[in-house]
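The primary structure of each chain is shown beneath.
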Amino acid sequence: MFAPFALLIALTVCRVALGRAGMHEMDWLHNFSPLAAVALCGAVYLPKRAAIWLPMAVLLLSDIALNIAYQRPFFTVEILPRYAVLGVIVAMGFALRGKVRLPGLVIASVAGSLLFYVLTNAGSWLYDPGYAKTGAGFLQALTTGIPGYPPTWQFYRNTLVSDVLFTVLFVVCFAARNARVRTSAPLPAATEGLAASR
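In this text, all values refer to a predicted model and were calculated from it rather than measured experimentally.

About the criteria used
Residues numbered from 1 in each chain as written. Predicted model: local features only at pLDDT ≥ 70, side-chain atom pairs only at ≥ 80, totals over all residues. Heavy atoms only, no water. Helix = DSSP H or I, 4+ residues; strand = E, 2+ residues; numbered from the N terminus. Buried < 20%, exposed > 50% of the residue type's maximum accessible area, 1.4 Å probe, protein only. Contact = heavy atoms within 4.5 Å. Axes fitted to C-alpha atoms, helices over the stretch in contact; angles between N-to-C directions. Left-handed = near helix turned anticlockwise from the far one by under 90°. Nonpolar A, V, L, I, M, F, W, Y, C, P; charged D, E, K, R; others polar. Salt bridge = Lys/Arg side-chain N within 4 Å of Asp/Glu carboxyl O. Phe/Tyr/Trp six-rings, centres within 6.5 Å; stacked < 30°, edge-to-face > 60°.

Trainee: Requested: an account of the environment of R15, with residues and values cited.
Mentor: For R15, the location among the structural elements is in helix α1 (residues 2-23). Of the residues examined, R15 reaches a relative accessible area of 13% and is grouped as buried. Spatially, the C-alpha atom of R15 lies 7.1 Å from that of P34, the residues being 19 residues apart in sequence. What R15 contacts, discounting residues up to four positions off in sequence, is S33, L35, L59, S62, D63, L66 and R82.

Okay, structure coming up:
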């Protein structure tokens, strides 16, 4: 279990560091995170138990750290859609388990990004008093957002780019690891005997 715990720590630090950087004149880093890729690819590659608790633990620990940094309360209604969407992305990964192909994972990553964008902004629209509870207010939540903050479409762009990028990186890393394991595996006994007789 060392590898999942090491990944948990690394990804929590990564999400917090990127979130903190996004607070300081680096708007292009807002919502740039490996979290959804971990949820999707973890459900495909990791043991089933780790595939469920790892992304949720990363989200929980990094949410606590980021809310402290932003001086916001930990529990708000807005966090519920994030956890729900992450659960859906894990379920998508489980559906792809055993039939991993890069195009399918990229399509799932794009779908997860879109779902995250719509549902989390819908949660903000319902919860945030800055949005009118009308169709126009919902459209504002999906496009320009609250005045004084970066537009929400920028958040979606960053989410989409990071989800696809980290998904591709995970697939490449796991493929390289599997190739290394296959080449370093000992020969079966019958094959060893054949090799020795040559």
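From this point on, the discussion continues.
Trainee: Quick one: what's the story with the packing of helix α2 (residues 35-45) against helix α4 (residues 79-96), residue by residue and with numbers?
Mentor: Running from N to C, α2 and α4 cross one another at 35 degrees; their axes reach a closest spacing of 7 Å. For the pair α2 and α4, the crossing hand works out as right-handed. Across the interface between the two elements, L35, A36, A39, L40, A43 and V44 of α2 pack against L86, I89, V90, M92, G93, F94 and L96 of α4. Across the contact of α2 with α4, the residue classes break down as 12 nonpolar, one polar and no charged.

Trainee: How would you explain the pattern of salt bridges if you had to name every residue and give the values?
Mentor: A full pass over the atoms with the stated rule returns one salt bridge. Across the pair D63 and R82 runs a salt bridge whose closest N-O atoms are separated by 3.2 Å. Highlighted residues: D63 in helix α3 (residues 48-69) and R82 in helix α4, separated in sequence by 19 residues. Across this residue pair, the class does not change: D63 and R82 are buried.

Trainee: Please give an account of the packing of aromatic side chains that cites residues and values.
Mentor: In total, this model carries two aromatic pairs according to the counting rule given. The interplanar angle of 35 degrees and the centroid separation of 4.6 Å between the aromatic rings of Y117 and Y156 together place this pair among those described as tilted. Remark: Y156 occurs in helix α7 (residues 152-184) and Y117 occurs in helix α5 (residues 102-127); sequence separation between them is 39 residues. A residue is classified by how much of its surface remains accessible, and Y117, at 13% relative accessible area, is buried. Its relative accessible area of 19% is what places Y156 among the buried residues. When the ring of W125 is compared with that of F138, the centres are 5.2 Å apart and the planes differ by 65 degrees; the resulting orientation is edge-to-face.

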